[in-house]
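Breakdown of the fold
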Amino acid sequence: MSKRKVKDAPLPLGDCLTEAQQVLRERFCRQQLPDRPEGVEAQHKHLLELLKRTAVHGESNSVLIVGPRGAGKTMLLQCVLRDLLEETEVQKNLLQVHLNGLLQTDDRVALKEITRQLHLENVVGDKVFGSFAENLAFLLEALKKGDRSSSRPVLFILEEFDLFAHHKNQTLLYNLFDVSQSAQAPIAVVGITCRLDVLELLEKRVKSRFSHRQIHLLSSLTFTQYLQRARTQLSLPDNFPDSKFAQEWNEDVTTLCEDKSVEEVLQRHFHSSKDFRSLHMLLMLCLSRVSVAKPTIKPADLLDASRLCLADAKANMLHGLSILELCLIIAMKHLNDVYEGEPFNLQMVHNEFKKFLQRKSNSMYNFDQPVIMKAFEHLQQLELIRPADSSAAKTQREYQLMRLMLDHSQIMEALQKYPQCPTDVKQWAMSAFG
Amino acid sequence: MKLRVRRSYEWRGKPLSFNRKLKTHEYGLLVISVEGLPRKTIISTGQHILIEGDDEDNPYVAKVVRLYGDESGKQKKAVVQWFVRLSEVPPSKLKLLGREPHPQEVFYYQSRSCDDEVNVESILRPVQVMHLDAAAPFPDSDDKDTLYVKLSWDSKTFRVAPPEPAPASSPPLCPKPSLPPSPPCSPPATTPATKGFSRRALPTPDPTVMQRASSGEVRYSRATMSAGKAAEAESFHSATKLSASKCLSAKRRNMAGRTPGVRKKLELSSPGKKLSIDEDVLSQLLAEESKVALAQSLPSSPPLSLSLSPVRKEYNPPAAQGAICLKTSAVVLNKMSLSNLDSPPSPARDDSTSPQRADERAAAWLTGSAKTPKRRSATPKRTQGRGATATTPSRRKEAKSLKEPALAVLAEVDNENSPMLPVAATPRSSKRRSALLVSSRIRQQLNLLDNKPGLDSDGEDEDEFVPTRKELQSSSEEEEGDGEEEAELDSDEEVAAKKSRRVAAGCRTPRSKQTARSSTRTPRKTPSRKVTPGTPRTPRHATPSIPSRSLPARQPANVLEEARTRLHVSSVPESLPCREQEFQDIYSFVESKVIDGTGGCMYISGVPGTGKTATVHEVMRCLQHAADMDEIPAFHFIEINGMKMTDPHQAYVQILQKLTGQKATADHAAALLEKRFSNPAPRTETTVLLVDELDLLWTRKQNVMYNLFDWPTRRHARLVVLTIANTMDLPERIMINRVASRLGLTRMSFQPYSFKQLQQIIMSRLNKVKAFEEDALQLVSRKVAALSGDARRCLDICRRATEICEHSAAEPSASGLVGMNHVMEALNEMFSSSYIAAIKCASLQEQLFLRAVIAEFRRLGLEEATFQQVLVQHQALCRVEGLQPVAVSEGLAVCQRLGACRLLLLEPSRLGVLQRVRLNVSQDDVLYALKAD
């Protein structure tokens, strides 16, 4: 099949594949905006109208975009901005200020950033001069001097909006909302957050000044739509240089999506999370496996990728432990069973471990106390166990109370897969009593 | 590098007089000695001085009118005439000037709304103030210590400044030599003056009367005088005061006209003529007094003539010009004062009366010329002052009785300077008008006396009049031939000139000190000059502004857009409905404070969106309008907002900047404000300060709040503080007692709007724009009133409803009006909780996890569980649902996603399986959302 392609394609197969991978990777890594937002047309329209009114009519507005992570909030905003800036009238007028709650961690930083992005007159080069108080007064004065009809509208985009609500006194939010509710320079404040309770974070004065417009992005996606979406995400666009390759690739993708096992995998992902970020991650893994030798995505690839995605990190870590460390973990598990999750210390674990050794005639696991201590500390470093309370630094390490950070299922799963696990250890782990 | 000099203040000489009622002594001279410097500065009345103010660079400028101290000598006070500096005039009013102000320009301050009494300790040093012609250019001088006066400022408009109180040796007496041949028929020259006189006709603490009083024979005349004064006061308060004064002045003119030939003092003193002329009681009394005065002064004629002659000489040119053209006369006067400038304003004691008189006369000029309406406008103030003088006759009498000994002493001290001068000074200090009257009367008589000789000197003086003292002297020498009394005068005047020279030298000392001061000032100035774009400070020239748009904003095109614009919270409504009572209360509170010139605090509380700030702004707009219409005194409104500053102490900085435009650090600003509000100063206006979001100004020591509420209680502060916060009991909750006590009990609370009020608000905003169905409006207002009563919310919902309506308008069913369904949709969008929708839209595993959480809660009987416990339930549920059980990692991911949405409350995720899980939604909501599936 690959040979046929090499013959027929005007381009060599390798180039086609590279090209295809590039197109799809851009899509999966969200570097490229979709032509039109899917499933959120109403919200798109609402937001576009709102921002257009600010840009064209000079009407101040404030709005929050709320939705779970990966629901496409930023994507929606970017799409709206792209569509908005297509109008020359808007393009000439609109000023944009982008802030992120993770970057602008307090109002001082945020103010400097706003001033810088607005290119106000106290900015020289890329530096903002003046103290915090001066900057605030300056910015407020600047905004106050503007008016609806003559000033350029300013669009403030606050990503991770909820983090701004934790700034002292919510000064920035108060002032932005206050400007948006008074006859000053027209501004639109767009907050993006995933917290549904974001309004409760706002102080009552700030809340009163917020217009209470919220755009919720909640996907009511069915599995068929999800499957369809997965297919379109994998398909190559019509404008792909080699149309023949694109056509074949798309046919392969369609057959792939009709495969029963593939459907099961996708269903599992769909049940776990509806957002497209996890889907993109899965498809990305599949895409990376495509090569000249294997130019299509096979169902098996998808299964492997899915396994990789859903793999339990802690259980994987257990595979790398020594037998002694594994034995200690098992001893802890038994202690947890016996004492119903009460914390334990090294002596208790050692004691449990010694009980296991006594039942065994051979002493191949006979370790000295310091060795066991070392193994215990290693487990702590891996954060498989952690001190029950942080204030126990005074007590001797042997008696410091610890908790196991693993679930029983993780331990059993790890034991199943542990290479050359001694049978007696396995049996000890399985047995109900230590 | 401030030079803190320690000054001591002492009176020189004995008290000139004693006011028994107020228990004050009046003095003519004040000596300021600076520690460590041998030189002493002498301040005399009439001199221009600098008075310590809030701005160290720009101390207040004033002229000493009167100096007095209390009996114990502890309190030393001065009554001053203020001049305002450029920086004290509100920047917004500066444009009224119509030209670029000169940096050294000051304005003669004409407003009653300022305390003119200052502590002597606040006097810094004398300063030179030059009166300039309004049209004349400013002299090109580097002298930082010379100030120029062109205009007067009455807190509303600029006018031509009243001519300078004739400085030095030129008491502005009657223009006797310069008068046109027939004084009686030269109204331009005489009318204004005489009118002024006539108004002050009676309360004359005439030197001669005083002398008489001292000699103990004045009892009866004093009685008549006060009676006459009362009569006069009445006449001034009557509506016919103008005509009365006119008729008086006419009489005076007649009088003058009938005695043109009078030249000798002896003749002048002959009372018969005048008595026969004067018909009414007032003028009779006047004449009698003057007669007595002249009779008494005859024996000691030299002193009298001494004080008069310079006036004549100096004053005649302007008067002559005035005779030609009334309009220019003031200008000429200014020129004259300019000419006298090199002899500092009040060089000698002997002429200490003159500035006063000129001042008064100028005022009289302004007020007297009733023909020009502009000048007329100045009168009410003056009449008020007049009323005050009318009430003080008794005090004056007391002063008189004391004056004679003082005189004697002074006469001893400055030998040639006759007692006359201090005498003239004393009464003036307490009753300047009467002094003016005296001078004017004397001038009139002199006018008659010297009519002829004045004519020749007149001509000469007209083209080039006495620019320097030397010329002055020469001109006086010229006059020597006029008569023996004139010669006598001149010799005396020469002495006076010498004297003035001497005092001028004395005055120069402070000036040299000034230069020293200015040098100390330079380092302060350099930093500001040093500010360059390179220094890491806000560039001073940076103007805060948002660039303006290239295309104009579009106007609303249809009804819905129009309605939306009107409903935007930012649009300023024509009126504020439903807050009439609150408006009235605040209005009358502020208005009364502004009118009384007192201070006070008011606390306004109410939940957000009830129109607190809007109402206060509306009140201020109305008051500002009233002030513009001259119904109430002008005031200055500034506002700060606790939320708009980075920390509470920035409040000082913002207040200072809004008051004066100065920039300062918080501590410095606090100190400056403290000074400003506790010291008397020529502050014209009451300051109304709005402090929004008061609770944000809370500090641990509460000193910001303390100061804000303490300033209004100061005597000179004239500060009205309106504070706004949300909670009604804020003063009790967060303020310590001394702060709460100063805030007082003037409180007001804004209740949340009822649904009727909200409806009314929307209706008034829409203002007949038909965009809403009646029911829809009612629904919105009822809903909002039930929830919060927040007008902003109400307006926002309506705005959103118009948008929804617009979208659905494409459908044929729509009527174009916003209907119930649109409003319902908007209400749902804004008020409905999104939790249920979010749970419905969650993925299957997420929903299962929520169910597992509830199951685990029920099992435990607690509202909290660890992830590990929930996971067991979750896996069991998965098996029930026929799904593959979730792995721990997957379960944790699901849990974290729910936590990010805040459907669950989680501990930090590093706790892994041990983290505890709580629900952020009620269990019922979760079950409801899951069941509906």
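Everything numeric in this text was worked out from a predicted model, so none of it was measured.

Some points on the overall build of chain A
Within chain A, the regular secondary structure consists of 22 helices and nine strands. Buried positions account for 54% of the 434 residues belonging to chain A. The contacts in chain A between residues at least 6 apart in sequence include a share of 73% that link residues at least 24 apart. Surface summary for chain A: the accessible area is close to 19400 Å², and the carbon and sulfur share equals 51%.

Topic: helix H22 (residues 612–628) of chain B
Residue and element names in this part refer to chain B. With 17 residues, H22 extends 24 Å between its outermost C-alpha atoms, agreeing within 8% with the 24 Å of an ideal straight helix rising 1.5 Å per residue. Residues of H22 that are buried include every one of Lys 612, Thr 613, Thr 615, Val 616, Glu 618, Val 619, Met 620, Leu 623, Ala 626 and Ala 627, and no others. Looking at the buried positions of H22, the neighbouring elements they touch are helix H21 (580–596), strand S15 (600–606), strand S16 (635–641), strand S17 (686–692), strand S18 (719–725) and strand S19 (747–750). Positive backbone phi, at 70 degrees, marks Asp 630, one or two positions downstream of H22.

Structural notes on the interface of chain B and chain A
The interface is formed by 82 residues belonging to chain B together with 93 residues belonging to chain A. Taken together, the two surfaces of chain B and chain A that pack against each other cover about 7400 Å², and 52% of this comes from carbon and sulfur. Considering only the side of chain B, the residues that lose the most area to chain A are Ile 546, Arg 549 and Met 643 of chain B, jointly responsible for 10% of the buried surface there. On the surface where chain B and chain A come into contact, there are eight salt bridges. Between Glu 803 of chain B and Arg 53 of chain A there is a salt bridge, with the nearest N and O atoms lying 2.2 Å from each other. Across the contact surface, chain B and chain A share 31 residue pairs in polar contact (both at pLDDT 80 or more). Put simply, the parts of the chain that give the side of chain B that touches chain A at least two residues each are helix H20 (559–567), helix H30 (791–808), helix H31 (820–831), helix H32 (835–841), helix H33 (844–860), helix H34 (867–881) and helix H35 (888–900) of chain B. At seven residues, the largest contribution of residues to the side of chain B that touches chain A is made by H30 of chain B. Partitioned by chemical class, the residues of the side of chain B that touches chain A number 35 nonpolar, 26 polar and 21 charged.

Concerning the packing of aromatic side chains
All told, the structure shown has 15 aromatic pairs over all chains when counted by the stated rule. Relative to Trp 428 of chain A, the ring of Phe 356 of chain A has its centre 4.2 Å away and its plane inclined at 15 degrees; by these criteria the two rings are stacked. Separated by 72 residues along the polypeptide, Phe 356 of chain A in helix H19 (residues 346–359) and Trp 428 of chain A in helix H22 (residues 423–430) bring together distant segments of the chain. Residue classification places Trp 428 of chain A among the buried positions, given a relative accessible area of 2%. Their ring planes at 25 degrees and their centres at 5.9 Å tell us that Phe 849 of chain B and Phe 867 of chain B sit as a pair that is stacked. Of this pair, Phe 849 of chain B sits in helix H33 while Phe 867 of chain B sits in helix H34; the two residues are 18 residues apart in sequence, bridging distant segments of the chain. Among the residues examined, Phe 849 of chain B registers a relative accessible area of 0% and is labelled buried. Classification of Phe 867 of chain B by relative accessible area gives buried; the value is 0%.

What about the confidence of the model for chain A?
Residue and element names in this part refer to chain A. Of the residues in chain A, 95% reach a pLDDT of 70 or more, and the chain-wide mean stands at 86. Highest mean pLDDT in chain A belongs to helix H8 (residues 161–164) (95); lowest belongs to helix H1 (residues 2–8) (45). Counting contacts from residues 1–9, a segment whose pLDDT is below 50, to residues more than four positions away or on other chains yields 13 contacts.

Observations concerning the packing of helix H21 (residues 408–417) of chain A against H22 of chain A
Residue and element names in this part refer to chain A. One can describe the packing of H21 onto H22 by two numbers: an axis separation of 11 Å at closest approach and a directional angle of 160 degrees. Our classification of the angle between H21 and H22 gives roughly antiparallel. Judged by the twist between their axes, the crossing of H21 over H22 is left-handed. From H21, Met 412, Leu 415 and Gln 416 reach across to H22, where they touch Lys 426, Ala 429 and Met 430. Looking at the contact of H21 with H22 residue by residue, the classes come out as four nonpolar, one polar and one charged.

Focus: the environment of Ile 157 of chain A
Residues and elements named next belong to chain A. Here Ile 157 is to be found in strand S5 (residues 154–159). Given a relative accessible area of 1%, Ile 157 falls into the buried group. In this structure Ile 157 touches Leu 77, Leu 81, Val 97, His 98, Leu 99, Val 190 and Ile 192, once residues within four positions along its chain are discounted.

Describing the pattern of salt bridges
Applying the stated rule across the entire model yields 43 salt bridges over all chains. Notably, a salt bridge pairs Arg 566 of chain B with Glu 562 of chain B, separated by 3.0 Å at the nearest N-O pair. Pair noted here: Arg 566 of chain B and Glu 562 of chain B are both in helix H20, with a separation of four residues, about one helical turn. According to the relative accessible area criterion, Glu 562 of chain B is partly exposed, its value standing at 27%. By sharing partners, the salt bridges in this structure join Arg 53, Glu 59 and Arg 213 of chain A together with Asp 790, Arg 793, Asp 796, Arg 799, Arg 800, Glu 803 and Glu 829 of chain B into a single network.

Remarks on the sheet that holds strand S2 (residues 95–100) of chain A
All names here are of chain A. Read from one edge to the other, the open sheet built from five strands follows the order S2-S5-S6-S1-S7, with strand pairing classed as parallel. The outermost strands of the open sheet, each flanked by one partner alone, are S2 and strand S7 (214–216). Ignoring which end each strand starts from, the neighbouring axes of this sheet average 15 degrees apart. Both S5 and strand S6 (residues 187–193) contribute to a ladder of six bridges, which runs parallel. For Leu 155, the partnering residue across the bridge sits in S6 and is Ala 188. Packed onto the sheet, helix H9 (residues 171–180) meets strand S1 (61–66), S2, S5 and S6 and runs at close to 135 degrees relative to S6.

A look at helix H4 (residues 73–84) of chain A
Residues and elements named next belong to chain A. The end-to-end C-alpha distance of H4, which contains 12 residues, comes to 16 Å, matching closely the 16 Å that a straight helix rising 1.5 Å per residue would cover. Within H4 the residues assigned to the buried category are Lys 73, Leu 76, Leu 77, Cys 79, Val 80, Leu 81 and Leu 84. Where H4 is buried, its residues touch helix H3 (41–57), S1, helix H5 (88–93), S2, S5 and S6.

Digging into the environment of Leu 357 of chain A
Relative to the helices and strands, Leu 357 of chain A resides in helix H19. The residues touching Leu 357 of chain A, leaving out its near neighbours within four places in the chain, are Tyr 365 and Asn 366 of chain A.

Here's the deal with the pairing of strand S4 (residues 29–34) of chain B
Residue and element names in this part refer to chain B. Counting buried positions over the six residues of S4 gives six, a clear majority of the element. Side chains Leu 29, Val 31 and Ser 33 of S4 all project onto a buried face; the interleaved residues Leu 30, Ile 32 and Val 34 project onto the opposite face, where all are buried too. As judged from the six bridges shared by strand S1 (residues 7–12) and S4, these two strands associate in the antiparallel manner. Counted as the bridge partner of Arg 7 is Val 34 from S4. Note: S4 against strand S5 (residues 40–44), five bridges, orientation antiparallel. Pairing of Leu 30 across the sheet is with Ile 43, part of S5.

Details of unusual backbone geometry
Positioned with a positive phi, Glu 340 of chain A is a non-glycine residue whose angle comes to about 55 degrees. Look at Asp 630 of chain B: it is not a glycine, yet its phi comes out positive at around 70 degrees. Within the secondary structure, Asp 630 of chain B is located in the loop between H22 and S16.

Each value, and the rule that gives it
Residues numbered from 1 in each chain as written. Chains lettered and ligands numbered in written order. Predicted model: local features only at pLDDT ≥ 70, side-chain atom pairs only at ≥ 80, totals over all residues. Heavy atoms only, no water. Helix = DSSP H or I, 4+ residues; strand = E, 2+ residues; numbered from the N terminus. Buried < 20%, exposed > 50% of the residue type's maximum accessible area, 1.4 Å probe, protein only. Contact = heavy atoms within 4.5 Å. Areas by Shrake-Rupley, 256 points an atom, 1.4 Å probe, with all protein chains shown as cover. Expected span 1.5 Å × (residues − 1). Buried area = accessible area lost by both parts, 1.4 Å probe. Salt bridge = Lys/Arg side-chain N within 4 Å of Asp/Glu carboxyl O. Polar contact = N/O pair within 3.5 Å; in protein donor to acceptor, adjacent residues only side chain to side chain. Nonpolar A, V, L, I, M, F, W, Y, C, P; charged D, E, K, R; others polar. Phe/Tyr/Trp six-rings, centres within 6.5 Å; stacked < 30°, edge-to-face > 60°. pLDDT = per-residue confidence, 0-100. Axes fitted to C-alpha atoms, helices over the stretch in contact; angles between N-to-C directions. Parallel < 35°, antiparallel > 145°, perpendicular 65-115°, else oblique. Left-handed = near helix turned anticlockwise from the far one by under 90°. Pairing = 2+ DSSP bridges.

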